[in-house]
Number of protein chains: 2
Amino acid sequence: MGLNERSLSILDAIVEGHIASGEPIGSRTIADRQKLRLSPATVRNVMADLEERGYIVSPHTSAGRIPTDKGYRFYVDTLLQVRNLTADERTQIDSQCSVSNIRTQELLKQAGHILSSMSSYTGIVLAPRFTATVFRHIEFVPLNQGRLLVIFVSQSGLVQNKIIQLDGKLPTASELQQITNYLNNELSGLTITEVRAKIVEQMQQEKSQYDAMLKDALGFSQRVFSGDIEDDVIIDGAANILDQPDFADRSSMQRLFRAFEQKNSLITLLDKSQQAQGVQIYIGSQAEFEDFAGCSLITTNYSNGKQPLGSLGVIGPSRMKYSQVVAVVDYTAQLISRALEFRE
Amino acid sequence: MGLNERSLSILDAIVEGHIASGEPIGSRTIADRQKLRLSPATVRNVMADLEERGYIVSPHTSAGRIPTDKGYRFYVDTLLQVRNLTADERTQIDSQCSVSNIRTQELLKQAGHILSSMSSYTGIVLAPRFTATVFRHIEFVPLNQGRLLVIFVSQSGLVQNKIIQLDGKLPTASELQQITNYLNNELSGLTITEVRAKIVEQMQQEKSQYDAMLKDALGFSQRVFSGDIEDDVIIDGAANILDQPDFADRSSMQRLFRAFEQKNSLITLLDKSQQAQGVQIYIGSQAEFEDFAGCSLITTNYSNGKQPLGSLGVIGPSRMKYSQVVAVVDYTAQLISRALEFRE
DNA sequence: TGTTAGCACTCCAAGCGTGTGAGTGCTAAG
DNA sequence: CTTAGCACTCACACGCTTGGAGTGCTAACA
C-alpha cells in the first residue's frame, strides 16, 4: 500500500522540481538529476504508478507530471525537509520588527509585513480574540444625543470601543463614576467570556433589582459585552500574489482577492490553527479552504508565553517554497510571542 | 482656439461611446448616431483636427479614436451631464447605511462599501484627521513594565490610543487622576492642533517648572500628542478593478494594487480634495497621480455641517461612467455628512 | 522479474502566410 | 465646405506546418 523508497524519491523530485520551475516535470529530468541512476523508462513506470494512486497528474498527454493536492499533502507530511533560516534572513526579520514601546496592533501589522516580504507571498495575522483577553479597565464617556461611548482595555493594552444609545434618563457624571468604579473592581482580571457570564449571573440575583446603580451598571455592561466583536485579520502583500504565474488568469485572481476581502473563511482557518499545536499546513481545495483552491496556507499560533493569543501565517500558491516559508512563519511567531510575553 | 459646436458634439460622442463600449470609436459610428447628419468623411476631418489638438488618439492606423487624458479632462469639465440618481438607486444606498447608533469608523466603512458596490469600482474614504477633531476626553491606564496606555476621545466619539514608556518613577493612581482631571479641564473643546500649541505654551511658563504634577501632565501629553497619527484610509472593493478590461494586463494591475497598499499618494489626493469645494475629478497621469495612470478619481468631502472632516470617493478606469459615479459620490457624501451632523 | 532501449504516437507551442474587416487619409467632384 | 470614392494600412483570426517534449507500449536483456 505504502510507497517504496524509490517512489518516494521520485515523488520528492517531482514536487521539488515543480516548485522550483513551475513547469511539469518529465521522466527525463528526473532520471538525470537522480542519485539512484535509473533510466527514464523506469522512472516512467514509477510515475504511471504514482499517477494511478493520485499523487500526480499530467496536464495533457505529452507533458510531464505535476503534483496533485494529495501529492503536495504527502510531500509536506513526509518528505518536506524544513531548512533553518540563514543568519542573514534572521537579521533581516529582526530589523523589521521593533518590539518595545509599541501598540500590539502595530506589532501585528509589522508581523504581517515581515511574513509577506520574507516569503514574497501574502502575510496574514489573526489579532487576539478580544473575548479571550483579560479585562483590565472600562471607561464611559458621554457624548451628545444620549449616546454613551464605552471604552474597554485589556491587560495587554488592546483598546476596543463601542457606542451605546441610551433611551431613558441619562446617568449623571457621578453616577457614571460609581458605575465605572464598580465594574472595574468587579470585573478586573476576568476574560471577556467570564465577564459575560458574571453579568448574567449577577442580573439574576435579587439584589440587582433594588439597587438602581447596580442595575444600570449591569444593563450597560450587558449591552457592551453582548455584541460580537469582529475578529480582526491583518493582510499584507496581497499584491504579491499577482506575481505568481500560478494565478495569471483573471478568474483565479478575482477569486482570491474576493476571498481576501471576505475574510470569513480566513478567520475560520486561522482560528482553527490557533487552537492547534505547531505549524499547520492547509493545502489546495481541502475542506474549509475552497475559496483558496490552488493555494496553500502555512500557519502557526503565537502566544504570550502562557496561552495562545492568535495565529499568523502565509498564503501562497500550492507550488510554494515550503521549506523556507515554514521557517519564516515559525520564526516570526516566536518573535511575536516573545514580544508579547509580558503584556498579557 | 476653442472648439466649435460640431467638434464638441463629436468629441462628446467619442468619449461617451468609448466609455460605453471600451472600443475605439470610428468615424462611421459617430456619423450614424449623430443628430447633426454628417458623413463619415466630414467626421474624419473633424477627428483629425481633434487629434492634432491632443484630445484623442488612435491606437494604430486603422483603428478608431480613443480620448486622451486631456480629452477626458475636457469632457468632465465642459461636456459632462451629471444625471440624478434614480429612486431605486437611492433606496439601495439608504438601505446599506445604518446611520444611527454606530461608531464613526463603522459608518465610514459602510460608506466605502456603498461607493464600491454602487459604482462597481473601488471606494475610498479618508477618515477624519485626528488632529482636526475636537478634544473631548483623555484617560490614562497604567499597564505593566512602566508602560502607560493613553486613550483620547474626540467630540465625535472617535477613539485613539497610544502607549508611552515611562522611564523614571511612575505616578500613583491619585496623581494620575489629578493629571487626568487637569488635562480634561484644560484641553476640552480644543482641536488637537490647538492642544499641541497650548501644551508648548504652558511648558514655557514658569509655573510649570515648580508644580510637579503640572510638569508631569505636560510632559505626558506632549509625548502623546507629538507623534503623527497615521491617516486612515478605507479601501473597499479593490477586487472590482480586476473586472475592468482596461487593467487586464498584469503590470497595470500590479501597479494599482501596490498603490493601494502604499496609500500615501491616495492620502495626498484625498487630503487635497478635503480642502476643496464640491466634487473633484482627477484624471490619469495628472500630477500627484502617477501611480494611478489610466485611472480617474472622483472625490468630494464630507462634513459635520460645520467644517469638512474628511473625503470620500471612487477610483476607477479613466473610461469611467462619470455621470453615474459623480452622482453616487455626491449622494454618499451628503448621507455621511448628515449622519455625522450632530457628532462633532 | 525488474530494467532498459527503441519506437510510434500525441499534443502543445511557435512560426508563417493569408484573408478579412474596420478605419484612415487623400483627392476630386458637387 | 461637404461628400463620395479609392487606395492604403494594420490588427486579428484562421489554418497550416513544424519541432520538441514526453508518453505508453513492446520486446530484449541481465
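Everything numeric here is computed off the predicted structure, so don't read it as measured data.

(A) Quick peek at the overall build of chain A. A count of helical and extended segments in chain A gives 13 helices and 10 strands. Projected onto its principal axes, the C-alpha coordinates of chain A cover approximately 90 × 40 × 40 Å. The burial tally for chain A puts 41% of its 344 residues in the buried class. Long-range contacts, defined here as pairs at least 24 residues apart, represent 60% of the contacts in chain A between residues at least 6 apart.

(B) Representation of the sheet that holds strand 4 (residues 135-142) of chain B. Residue and element names in this part refer to chain B. The strand order 4-5-6 describes an open sheet built from three strands, whose pairing is antiparallel. Strands with a single pairing partner mark the edges of an open sheet, and in this sheet they are strand 4 and strand 6 (159-165). For this sheet, the mean inter-axis angle between neighbouring strands, taken without regard to orientation, is 20 degrees.

(C) Quick look at the interface of chain A and chain B. Between chain A and chain B, the contact holds 30 residues from the first and 29 residues from the second. Residues that form the side of chain A that touches chain B fall into these classes: 14 nonpolar, eight polar and eight charged.

(D) Here's a closer look at unusual backbone geometry. Residue and element names in this part refer to chain A. Even without being a glycine, Ser120 presents a positive backbone phi close to 60 degrees. With respect to the helices and strands, Ser120 occurs in the loop between helix 6 (104-119) and strand 3 (122-126). Given 16 C-beta atoms within a 10 Å radius, Ser120 is considered partly exposed. You will see that Lys263, though not glycine, has its phi angle at about 75 degrees, which is positive.

(E) Looking closely at the pairing of strand 10 (residues 308-317) of chain A. All names here are of chain A. The buried count for strand 10 comes to nine of 10 residues, which makes it a mostly enclosed element. Of the pairings in the sheet, the one linking strand 3 to strand 10 comprises five bridges and is antiparallel in character. Bridge pairing in strand 10 places Ile124 opposite Gly313. Relative to strand 10, strand 9 (residues 295-303) runs antiparallel, the two sharing nine bridges. Note on strand 10: the bridge partner recorded for Cys295 is Pro317. The turn linking strand 9 back onto strand 10 is made up of four residues, and Gly305 within it adopts a positive phi angle of 95 degrees.

(F) Structural detail: the protein's contact with DNA strand C. Lining the immediate environment of DNA strand C, one finds 21 residues, of which Thr61 and Ser62 of chain A together with Gly26, Ser27 and Ser62 of chain B sit closest. At the level of secondary structure, the elements contributing two or more residues to the surface near DNA strand C comprise helix 3 (40-52) of chain A together with helix 2 (27-33) and helix 3 (40-52) of chain B. Here the surface near DNA strand C gets four residues from one element, more than from any other, and that element is helix 3 of chain B. Tallied by class, the residues present in the surface near DNA strand C amount to six nonpolar, 12 polar and three charged.

(G) Representation of helix 10 (residues 212-226) of chain A in the model. For helix 10 of chain A, spanning 15 residues, the distance from its first C-alpha to its last is 21 Å, which sits close to the expected 21 Å at 1.5 Å a residue. Among the residues making up helix 10 of chain A, those that are buried are Asp216, Ala217, Leu218, Phe220, Ser221, Val224 and Phe225 of chain A.

(H) Layout of the protein's contact with DNA strand D. Not every one of the 21 residues close to DNA strand D is listed here, only the nearest: Gly26, Ser27 and Ser62 of chain A together with Thr61 and Ser62 of chain B. For the surface near DNA strand D, the elements supplying multiple residues, two or more each, are helix 2 (27-33) and helix 3 of chain A together with helix 3 of chain B. For the surface near DNA strand D, the element with the most residues is helix 3 of chain A, which contributes four residues. A class-by-class count of the residues in the surface near DNA strand D yields six nonpolar, 12 polar and three charged.

(I) Summary view of the nonpolar core. Counting 126 residues, the largest nonpolar core has Leu312, Val329 and Ile336 of chain A together with Leu312 and Val329 of chain B as its most contacted members. Not counting chain neighbours up to four residues away, the residues in contact with Val329 of chain A comprise Leu115, Val279, Ile298, Thr299, Thr300, Leu312, Gly313 and Val314 of chain A. In this structure, Phe140, Phe152 and Ile179 of chain A together with Phe220 of chain B belong to the second largest nonpolar core, which totals 52 residues.

(J) Structural context of the sheet that holds strand 6 (residues 159-165) of chain A. Residue and element names in this part refer to chain A. Spatially, 4-5-6 is the arrangement adopted by the three strands of the open sheet, whose pairing is antiparallel. The two strands at the open ends of the sheet, each matched to only one other strand, are strand 4 (135-142) and strand 6. Strand-to-strand twist in this sheet, taken as the mean axis angle between neighbours without regard to direction, amounts to 20 degrees.

(K) Up close: the relation of the copies chain A and chain B. With an RMSD of 0.1 Å, the operation that places chain A on chain B is a rotation of 180 degrees combined with a shift of 0.0 Å along the axis. Both chain copies can therefore be described as sitting about a two-fold axis. A shared interface surface links the copies, since 97% of the contact residues of chain A are contact residues in chain B too.

(L) Representation of the packing of helix 1 (residues 5-21) of chain B against helix 3 of chain B. All names here are of chain B. Two elements in contact, helix 1 and helix 3, have axes whose closest approach is 10 Å; the angle formed by their N-to-C orientations is 85 degrees. The angle between the axes of helix 1 and helix 3 places the two elements in the roughly perpendicular class. Contacts between helix 1 and helix 3 involve Arg6, Ser7, Ile10 and Leu11 on the former and, on the latter, Val43, Val46, Met47, Asp49 and Leu50.

(M) Local environment of the domain arrangement of chain A. All names here are of chain A. Split into domains, chain A comes out as domain 1 (5-79), domain 2 (87-128 + 231-341) and domain 3 (131-224). A C-alpha centroid distance of 35 Å is found between domain 2 and domain 3. The interface is formed by four residues belonging to domain 2 together with five residues belonging to domain 3. Residues belonging to the side of domain 2 that touches domain 3 are distributed by class as follows: two nonpolar, one polar and one charged.

(N) Seen up close, the environment of Leu266 of chain B. Residue and element names in this part refer to chain B. Topologically, Leu266 is positioned in helix 12 (residues 264-275). Among the residues examined, Leu266 registers 23 C-beta atoms within 10 Å and is labelled buried. Leu266 has contacts with Ile124 and Val233, leaving out every residue within four places of it along the chain.

What counts as what
Residues numbered from 1 in each chain as written. Chains lettered and ligands numbered in written order. Predicted model: local features only at pLDDT ≥ 70, side-chain atom pairs only at ≥ 80, totals over all residues. Helix = DSSP H or I, 4+ residues; strand = E, 2+ residues; numbered from the N terminus. Buried ≥ 20, exposed ≤ 12 C-beta atoms within 10 Å, placed from the backbone. Contact = placed C-beta atoms within 7 Å. Pairing = 2+ DSSP bridges. Axes fitted to C-alpha atoms, helices over the stretch in contact; angles between N-to-C directions. Nonpolar A, V, L, I, M, F, W, Y, C, P; charged D, E, K, R; others polar. Near = placed C-beta within 6 Å. Expected span 1.5 Å × (residues − 1). Core = buried A, V, L, I, M, F, W, Y, C linked by C-beta atoms within 7 Å. Least-squares fit on C-alpha atoms with pLDDT ≥ 70 in both. Parallel < 35°, antiparallel > 145°, perpendicular 65-115°, else oblique. Domains from an automatic or database assignment.

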